[in-house]
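Structure assessment
Take a look at the letters that make up each chain.
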Amino acid sequence: MSSYITVTEKLPVAGRYDVIVVGGGIAGVAAAMASARQGKSTLLIEKSVMLGGLATLGYIVIYLPLCDGNGVKMTGGIAEELLWLSIKDSYNTLPDEWRSRPDKITGNVRYQTLFNGPSLTIQLDKAVKDSGADILFDTLFCKAVMEGDVCTHIIVENKDGRLCYECGCVVDATGDAGVFHSAGARTTTGKNFLSYWGYYTTLQGIDEAAKSRDITQAVKMFTLGSDCNGAGQPEDVPLITGDTAADINYFILRGRQEAEKFQLQAEQAAPGSFAYTGLPGMPQFRTVRMINGAYALKYSDSGKYFEDSVGCCGDWRYSGISFELPFRTLYSPDVKNMLAAGRNISNGDNEAWEVTRVIPVAALSGEAAGMAASMYENGSIADTDISKLQEKLSAAGLKIHL
Ligand SMILES: Cc1cc2nc3c(=O)[nH]c(=O)nc-3n(C[C@H](O)[C@H](O)[C@H](O)COP(=O)(O)OP(=O)(O)OC[C@H]3O[C@@H](n4cnc5c(N)ncnc54)[C@H](O)[C@@H]3O)c2cc1C
């Protein structure tokens, strides 16, 4: 930047909430539901106009497994509730073995499903409202106001202008640790391959769907760019962090170039038979920024007992690998009244980040963060009564230890 101006602002305090959750993706939804269900006044702030984040707006419509791949359910609670909401009024590919929501099955088919993003969007509105939380759409989180290492207010901007909310405890579910970063807490950045996922349909698919009465033949996903290991990465595209405006703009425009190529190829193969039905409404970065938490989960922690575990999860890629998620991955020594949820919790290596960043684990960390936030009164979140937290999470349907 070449020059600066100083602006001093007097902002209206629009309200006070016990818990403010920033970011209405899967993690933020789970956090807001968990906190509001404990009777705490809870505000969920979302910059777009729909809940679900990457899972809805970003067309990432594969609900990865809630199980360990050996037939044992690892993650219940809100993660399981949201899986069922994702398929409530629409199609699914859930294996029959898991339809009665058992804790265990014989065999190793995984507890996962495809879902329809827009259908989940509608269900998330209802689930959050029913929990008692307030939602503020089209509202951008701008800044955390700090008094030492305590966040006292959250500054936002929306159609009413620039205003702030007083907070008891804050959950950062922005996907990029945006609130912790603003609070001056230490964070770590990731690297991303190019991704561009969405929906399309073809005349042939519509015919097949009509014949088979299977709508998924007509509602197809496209997954352009690279997979999470770099396969398919266009040669001219560098690895991108995703924490600058320039990165985000490059990523979005470069992704759409891939979409144009895909469409052209389809048009040439069968003119007039292809149409996009959904392009992503947010950049599809897997790992932007995470907190440097009180503990950073390592992939070698698989199978390890943690006294402060807040829940369990499997590895979506491999069978028989599972983790306990320590509470310490959800907070930073740098801020006393803030928790992380979703793809910005603390990981010690990329392999662990690969496990914790996906939808079911985002719901798990969201629920744990929301529950802990609901118990916060003052002092440091690090002093949370772990046994009480575990008791509440267990009562809400989460398995605490492997
Ligand atoms: C290409 C790709 C493929 C993937 N494949 C799968 C898959 O197959 N299955 C799976 O389970 N997971 C998959 N994932 C991961 C998964 O989709 C997400 O990581 C998961 O949904 C994370 O949810 P989250 O709530 O942590 O973050 P997000 O979904 O990113 O939600 C963050 C929310 O915060 C809001 N927000 C951000 N900043 C602000 C601000 N300043 N003010 C207000 N609101 C703000 C955003 O608008 C968004 O709604 C994939 C991810 C990518 C990118």
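For the structure itself, look to the data block above.
Here goes a summary of the coordinates provided. Counting from 1, residues in each chain are numbered in the order their sequence is written. Residues qualify for local features only when their pLDDT is at least 70, as the model is predicted, and side-chain atom pairs are given and counted only at 80 or more; totals for whole chains, interfaces and linings, by contrast, use all residues. Excluded from the side-chain calculations are hydrogens and water; all other atoms, namely the structure's heavy atoms, are used.

**Observations concerning the packing of aromatic side chains**
Our working definition: The criterion for an aromatic pair is that two Phe, Tyr or Trp rings (for Trp, the six-membered ring) have centres within 6.5 Å, with stacked assigned to planes under 30 degrees apart, edge-to-face to planes over 60 apart and tilted to the rest. The secondary structure listing takes helices from DSSP runs of H or I that are at least 4 residues long and strands from runs of E that are at least 2 residues long, numbered from the N terminus. A 1.4 Å probe rolled over the protein chains alone gives each residue an accessible area, and that area as a share of the maximum for its type sets the label: buried under 20%, exposed over 50%, partly exposed in between.
Per the stated rule, a full pass over the model turns up 16 aromatic pairs. Geometrically, the ring pair formed by Tyr200 and Phe274 is stacked, given 5.3 Å between the ring centres and 25° between the ring planes. Of this pair, Tyr200 sits in strand β10 (residues 195–202) while Phe274 sits in strand β12 (residues 274–278), placing them 74 residues apart in sequence. Like Phe274, Tyr200 is buried. Their ring planes at 80° and their centres at 5.0 Å tell us that Phe274 and Tyr276 sit as a pair that is edge-to-face. On the accessibility criterion, Phe274 (11% relative accessible area) is buried. Members of the aromatic cluster, each reached through a chain of ring pairs, are Tyr196, Tyr200, Phe222, Phe262, Phe274 and Tyr276.

**Quick look at the site of the ligand**
What counts, and what does not: It suffices for a single heavy atom of a residue to lie within 4 Å of a molecule or strand for the residue to be listed as near it. Any pair of nitrogen or oxygen atoms within 3.5 Å is treated as a polar contact; in protein, a donor-acceptor pairing is required on top of that, and neighbouring residues in sequence qualify only through side-chain atoms on both sides. What sets the accessible areas is the Shrake-Rupley method with a 1.4 Å probe; for residues, cover comes only from the shown protein chains. Three categories are distinguished: nonpolar for Ala, Val, Leu, Ile, Met, Phe, Trp, Tyr, Cys and Pro, charged for Asp, Glu, Lys and Arg, and polar for the others, with Gly belonging to the last.
In the vicinity of the ligand there are 31 residues, among which Glu46, Leu54, Ile62, Arg343 and Arg357 approach most closely. One nitrogen or oxygen atom from the side chain of Arg343 is found 2.6 Å from an oxygen atom belonging to the ligand. When the ligand sits alone it has 1,000 Å² of accessible area, and the protein chains cover 96% of it. Every element with two or more residues in the shell around the ligand is listed here: α1 (26–37), β6 (140–147), β10 and α8 (359–375). Sorting elements by how many residues they give to the shell around the ligand places α8 first, with three residues. Classifying every residue of the shell around the ligand gives 17 nonpolar, nine polar and five charged.

**What to know about the sheet that holds β12**
Basically, it comes down to this: Two strands are counted as paired when DSSP detects at least two bridges linking them. Axis lines are fitted to C-alpha atoms, over the contacting stretch for helices. Their N-to-C directions set the angle, which ranges from 0 to 180 degrees.
One open sheet accounts for three strands, arranged β11-β10-β12; its pairing is antiparallel. Taken across any chain shown, the strands that pair with only one partner, and hence form the sheet edges, are β11 (220–225) and β12. For this sheet the average axis-to-axis angle between neighbouring strands, irrespective of direction, equals 45°. Here six bridges tie β10 to β11, and the two strands are oriented antiparallel to one another.

**Quick notes on the environment of Thr241**
Under the convention used in this document: We call two residues in contact when some of their heavy atoms are within 4.5 Å.
Mapped onto the elements of the fold, Thr241 is located in the loop between β11 and α6 (245–269). Note: C-alpha distance between Thr241 and Tyr63 (178 residues apart in sequence) is 25 Å. Each residue touching Thr241, except ones within four places of it in the same chain, is listed here: Thr189, Gly190, Lys191, Asn192, Asp247, Thr287 and Val288.

**Considerations on the pattern of salt bridges**
The criterion, for reference: Salt bridges are defined as contacts in which a side-chain nitrogen from Lys or Arg sits within 4 Å of a carboxyl oxygen from Asp or Glu.
Counting across every chain of the model gives 19 salt bridges. Across the pair Lys304 and Asp301 runs a salt bridge, and its minimum N-O distance is 3.5 Å. For Arg357, the salt bridge identified is with Glu354, shortest N-O distance 2.6 Å. The class of Arg357 is buried, set by a relative accessible area of 15%. One network of salt bridges, in which partners are shared, links Asp236, Arg254, Glu258 and Lys261.

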